[in-house]
Amino acid sequence: MFEARLIQGSVLKKMIDAIKDIVTDINLDCSSTGISVQAMDSGHVCLVLIELGSDGFEPYRCDRNITLGLGLKALSVVVRCANNDDSITIKAQEGTDNINFVFESPNGEKTSQFEIKLMDIDSEHLGIPDTEYDSVVKMPSHEFQRICRDMSQLGDSIVVACTKDGIQFSASGDMGSGKINLRQSSLVDKEEDQINIELNDPVHLTFALRYLNYFTKATPLSPTVTLSLKAESPLCVTYPIGDFGSMKFFLAPKIDDEDTAAATQE
Amino acid sequence: MAEGQETQEKKSSVVDVSGFIDSPLGVHNLQSAVPTITCQDECLMGIDEAGRGPVLGPMVYGISYCPITKTKDLEKLKFADSKVLSVSQREDLYHTITECNEWLGWKACILSPNYLSNCMLRRSKYNLNSISHDTAIDLIRKVLSDGVKLTEVYVDTVGKPESYQSKLESIFPQLKVTVTKKADSLFPIVSAASICAKVIRDACLTEWKFTEGDDCYSKSFGCGYTSDTTTINWMKDCIDPVFGFPTLVRFSWSTASKMLESNGLLVKWPDDDEDEEQKANCPKISLFFGKAKTNGDGPKPAKRHRYFEERKLEAVDHFI
């Protein structure tokens, strides 16, 4: 028996909106400690990792580890039927092919129930190593979204350069080029508007904007976003979900010449 | 647009194009003997093409040359733009050209429809204007290497006359080049070239043998222009959902490719999606993250112990 109730159902809606353009099917891996999802886009270029701790749910019950395969299309249709302030309960019985969703309005006057057929999804799990990143930048998520959107008007890829002076985003194309510099700011009143750069080593990496623009669909999930960068390693874009979970996107840097391509192969 | 309505007339052609008909792929050259006088006296030359627009058949480039002193004789032959002449008038004039072989020489280059399609559809596109320019340049070079004392060249333009002219002038600084529109009606020597080209193209269409098998297709394909309903109907009749058209058709023409899109089968290339990723130069994320252990500490549910499996013991949520 698996049962998890999310008081703020809108979080689930936002999570699904954030990934529905990247992946088509997901496996919810449920264990006693929480729910996790790992999925890749069809080209296996980027990876999404969602981790939700059991403490974000009330109640949370998972007797045995269970994997629930879901088509995002169906999930998105069902979740859209929930009101933003509804609570959402996910239930699955051992040995059945269905997953149940129950939406309850805050005053308890309205409840809706939906059932989705489970799918058998063959997905390979990748082991994501614990990485010591060279630079970790925390910034307002809407700012990052704006930068990616603006830069994608100029070119297909964005160069992210982190130095002790700040973080620079730049793009160039046939039309011209652009640069956006952000400096560390600590004087801002609200913590979520701060730009915080932890720098061990300067980094200089190039990424495909197409994917970053997919990632920024998660902006409504969190006021802040963290970019973790390391030379010749995938970028990790993290959107925290409340204080109980996170949505992470991994994207490999673009490779310019073949030497570096060979170097990144295991 | 009056081109070759009469090409279906069944009679042996005035010009021998059997060399091309036997292997109608690539490029085929035809030429007269080089008149001795053209190697002694200064010559002028005309260049024109036939069959640039049609979706069917080869494009033929023709050139003719003669000593400048013979200009008066040339005018007497009453050449005109090949397009305003009837088939028999053209053939008569072609005979006249061959009869004047003492002082009038010609060459032709037949570009097969297959060659045109291949050029225009290959990975680095080679457009029709460039093909035309290069063919003309090649023909001038050939005439020069034959020892003809060429001084003046008249060309019916392809694309902008100014840029074409400067292109030719830069390659052949020793020649006086004139590139204009309607050169075939302005200069008798260009008219002669255009008659050669046109007669040869007509002969190619009349004599055309389908390499796919002569009995597979009818030869009533009209004039080859896409404005001709006979041509369009013939193309619709002979389309194969997999192989498309016979090699008579220029696949690179939009008429042909549109017809293939709507009447042919769709080919799905599984590599296309991947190509797109490769174009973006995005390496796969799995190059960086190794595969997780299948039954390790990961979130994947651990396999139950053999003890339970063998005894078919399962966990239940409810007791009956």
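On a predicted model such as this, the values are computed, not experimentally measured, just so you know.

1. Description of the overall build of chain A
Here is step 1 of the chain: Along chain A, the regular secondary structure elements total five helices and 18 strands.
Here is step 2 of the chain: A burial count over chain A gives 52% of its 266 residues as buried.

2. Description of the pairing of strand β5 (residues 150–156) of chain B
All names here are of chain B.
Here is step 1 of the chain: Where burial is concerned, most of β5 is hidden: seven out of the seven residues are buried.
Here is step 2 of the chain: The pairing of strand β2 (residues 43–50) with β5 spans five bridges and is parallel. Bridge assignment links Gly46 to a residue of β5, and that residue is Tyr154.
Here is step 3 of the chain: The pairing of β5 with strand β6 (residues 176–180) spans five bridges and is parallel. The residue bridging Val155 from the neighbouring strand is Val179, located in β6.
Here is step 4 of the chain: For the handedness criterion, the β-α-β arrangement of β5, helix α7 (residues 161–171) and β6 is classed as right-handed.

3. Digging into the sheet that holds strand β1 (residues 27–31) of chain B
All names here are of chain B.
Here is step 1 of the chain: Strand order in this open sheet of six strands is β1-β4-β3-β2-β5-β6, and the pairing throughout is mixed. Strand pairing shows two members of the sheet lacking a second neighbour, β1 and β6, which therefore form its edges. The average undirected angle you get between the axes of adjacent strands in this sheet is 15°.
Here is step 2 of the chain: Pairing of strand β3 (residues 59–67) with strand β4 (residues 105–111) involves seven bridges; the strand directions are antiparallel.

4. Here's the deal with the UniProt feature "binding site: a divalent metal cation" (unreviewed entry) in chain B
Residues and elements named next belong to chain B.
Here is step 1 of the chain: UniProt feature "binding site: a divalent metal cation" (unreviewed entry): in the numbering of this structure it lies at Asp48, Glu49 and Asp156. Look at the named residues: they lie 109 residues apart in sequence, but the longest C-alpha span between them is just 8.0 Å, so in the fold they bunch up.
Here is step 2 of the chain: The exposure class assigned to Glu49 is buried, which follows from its relative accessible area of 12%.
Here is step 3 of the chain: Once residues lying within four places of it in the same chain are set aside, the contact partners of Glu49 are Met59, Val60, Tyr61, Val158 and Ala197.
Here is step 4 of the chain: Excluding residues within four positions of it along the chain, Asp156 makes contact with Ile47, Asp48, Tyr164, Thr180, Lys181, Lys182, Ala183, Asp184 and Val190.

5. Some points on the pattern of salt bridges
Residue and element names in this part refer to chain A.
Here is step 1 of the chain: Enumeration over the complete set of coordinates arrives at twelve salt bridges over all chains.
Here is step 2 of the chain: A salt bridge links Arg64 to Glu94, with the nearest nitrogen and oxygen atoms 3.2 Å apart. One end of the pair, Arg64, is in the loop between β5 (60–62) and β6 (66–71); the other, Glu94, is in the loop between β7 (87–92) and β8 (98–104), and 30 residues separate them in sequence.
Here is step 3 of the chain: Among the residues examined, Arg64 registers a relative accessible area of 30% and is labelled partly exposed.
Here is step 4 of the chain: The partly exposed category is assigned to Glu94, whose relative accessible area is 27%.

6. Observations concerning the sheet that holds strand β12 (residues 166–172) of chain A
In sheet architecture, strand pairing relies on hydrogen bonds along the backbone and comes in two forms, parallel and antiparallel.
Residue and element names in this part refer to chain A.
Here is step 1 of the chain: What the four strands build is an open sheet, ordered β13-β12-β11-β15; its pairing is antiparallel. Looking at which strands have only one partner, the edges of the open sheet turn out to be β13 (177–182) and β15 (203–208). Strand after strand, the sheet turns through a mean of 20° between neighbouring axes, direction not considered.
Here is step 2 of the chain: By the bridge criterion, six bridges tie β12 to β13 in an arrangement that is antiparallel. Note on β13: the bridge partner recorded for Ala171 is Gly178.
Here is step 3 of the chain: Most of the contacts of helix α3 (residues 141–152) go to β13, to which it runs at about 165°, and overall it touches β11 (157–163), β12 and β13.

7. Quick look at the confidence of the model for chain B
All names here are of chain B.
Here is step 1 of the chain: Per-residue confidence for chain B gives a mean pLDDT of 80, with 87% of residues at or over 70.
Here is step 2 of the chain: Across chain B, β3 holds the top mean pLDDT of 90, while helix α12 (residues 271–279) sits lowest at 56.
Here is step 3 of the chain: Confidence drops under pLDDT 50 across residues 1–11; counting only partners more than four residues distant or on other chains, this segment forms 27 contacts.
Here is step 4 of the chain: The low-confidence segment residues 294–300, where pLDDT is below 50, has seven contacts with residues more than four positions distant or belonging to other chains.
Here is step 5 of the chain: Overall fold confidence for the complex sits at a pTM of 0.52, while the interface term, ipTM, reaches 0.73.

8. Let's talk about the state of the cysteines
Here is step 1 of the chain: Counted under the stated rule, the structure contains zero disulfides over all chains.
Here is step 2 of the chain: You can see B:Cys43 has no disulfide; the closest cysteine sulfur is in B:Cys66, sitting 6.8 Å from it.

9. Concerning the side chain of B:Thr247
Residues and elements named next belong to chain B.
Here is step 1 of the chain: When you line up the elements, Thr247 lands in the loop between α10 (229–238) and α11 (254–263).
Here is step 2 of the chain: A residue is classified by how much of its surface remains accessible, and Thr247, at 16% relative accessible area, is buried.
Here is step 3 of the chain: Apart from the residues lying within four places of it in its own chain, the contact partners of Thr247 are Leu25, Pro113, Asn114, Trp208, Thr211 and Glu212.

10. Quick look at the packing of helix α1 (residues 9–19) of chain A against helix α2 (residues 72–79) of chain A
Residues and elements named next belong to chain A.
Here is step 1 of the chain: Orientation of α1 relative to α2, taken along the N-to-C sense of each, is 145°, at an axis distance of 10 Å. α1 and α2 meet at a crossing whose hand is left-handed. Residue-level inspection shows Leu12, Lys13, Ile16 and Ile19 of α1 in contact with α2, the latter providing Leu72, Leu75, Ser76 and Val79.
Here is step 2 of the chain: Here the residues of the contact of α1 with α2 sort into six nonpolar, one polar and one charged.

11. Things to note about α2(A)
All names here are of chain A.
Here is step 1 of the chain: The set of residues buried in α2 consists of Leu72, Leu75, Ser76, Val78 and Val79. For α2, the angular spread of the buried residues around the axis is 165°, confining them to a single face.
Here is step 2 of the chain: Residues of α2 that are buried in the fold lie against α1, β2 (25–31), β6, β8 and β9 (111–117).

12. Thoughts on the environment of B:Lys291
Here is step 1 of the chain: With respect to the helices and strands, the residue B:Lys291 is situated in the loop between α12 and α13 (306–310).
Here is step 2 of the chain: Once residues lying within four places of it in the same chain are set aside, the contact partners of B:Lys291 are A:Glu124, A:His125, A:Leu126 and A:Gly127.

13. Structural notes on the environment of A:His44
Here is step 1 of the chain: Assignment of secondary structure puts A:His44 in the loop between β3 (34–40) and β4 (46–53).
Here is step 2 of the chain: Residues A:His44 and A:Leu251, spaced 207 residues apart in sequence, show a C-alpha to C-alpha distance of 9.7 Å.
Here is step 3 of the chain: Discounting chain neighbours no more than four positions away, the residues touching A:His44 are A:Glu124, B:Lys284, B:Ile285 and B:Ser286.

14. Brief notes about the packing of aromatic side chains
Here is step 1 of the chain: Applying the stated criterion across every chain, the model contains 15 aromatic pairs over all chains.
Here is step 2 of the chain: Judged by centre distance (4.4 Å) and plane angle (35°), the rings of B:Tyr154 and B:Phe187 are tilted. Taken together, the residues B:Tyr154 in strand β5 and B:Phe187 in the loop between α8 (183–186) and α9 (188–207) connect sequence positions 33 residues apart.
Here is step 3 of the chain: When the ring of B:Phe245 is compared with that of B:Phe251, the centres are 5.8 Å apart and the planes differ by 70°; the resulting orientation is edge-to-face.
Here is step 4 of the chain: Among the residues examined, B:Phe245 registers a relative accessible area of 5% and is labelled buried.
Here is step 5 of the chain: With a relative accessible area of 24%, B:Phe251 lands in the partly exposed category.
Here is step 6 of the chain: In textbook terms, an aromatic cluster arises when at least three aromatic residues are bridged by ring pairs, as seen for A:Phe2, A:Phe57, A:Tyr60 and A:Phe244.
Here is step 7 of the chain: The ring of B:Trp253 carries the charged tip of B:Arg250 above its face, separated from the ring centre by 4.8 Å.

Rules behind the numbers
Residues numbered from 1 in each chain as written. Chains lettered and ligands numbered in written order. Predicted model: local features only at pLDDT ≥ 70, side-chain atom pairs only at ≥ 80, totals over all residues. Heavy atoms only, no water. Helix = DSSP H or I, 4+ residues; strand = E, 2+ residues; numbered from the N terminus. Buried < 20%, exposed > 50% of the residue type's maximum accessible area, 1.4 Å probe, protein only. Pairing = 2+ DSSP bridges. Right-handed = clockwise from strand over helix to strand, strands pointing away. Axes fitted to C-alpha atoms, helices over the stretch in contact; angles between N-to-C directions. UniProt positions renumbered as here; feature names shortened; annotations may be inferred. Contact = heavy atoms within 4.5 Å. Salt bridge = Lys/Arg side-chain N within 4 Å of Asp/Glu carboxyl O. pLDDT = per-residue confidence, 0-100. Disulfide = S-S within 2.5 Å. Left-handed = near helix turned anticlockwise from the far one by under 90°. Nonpolar A, V, L, I, M, F, W, Y, C, P; charged D, E, K, R; others polar. Arc of directions from axis to C-beta. Phe/Tyr/Trp six-rings, centres within 6.5 Å; stacked < 30°, edge-to-face > 60°. Lys NZ or Arg CZ within 6 Å of the ring centre and 35° of its normal.

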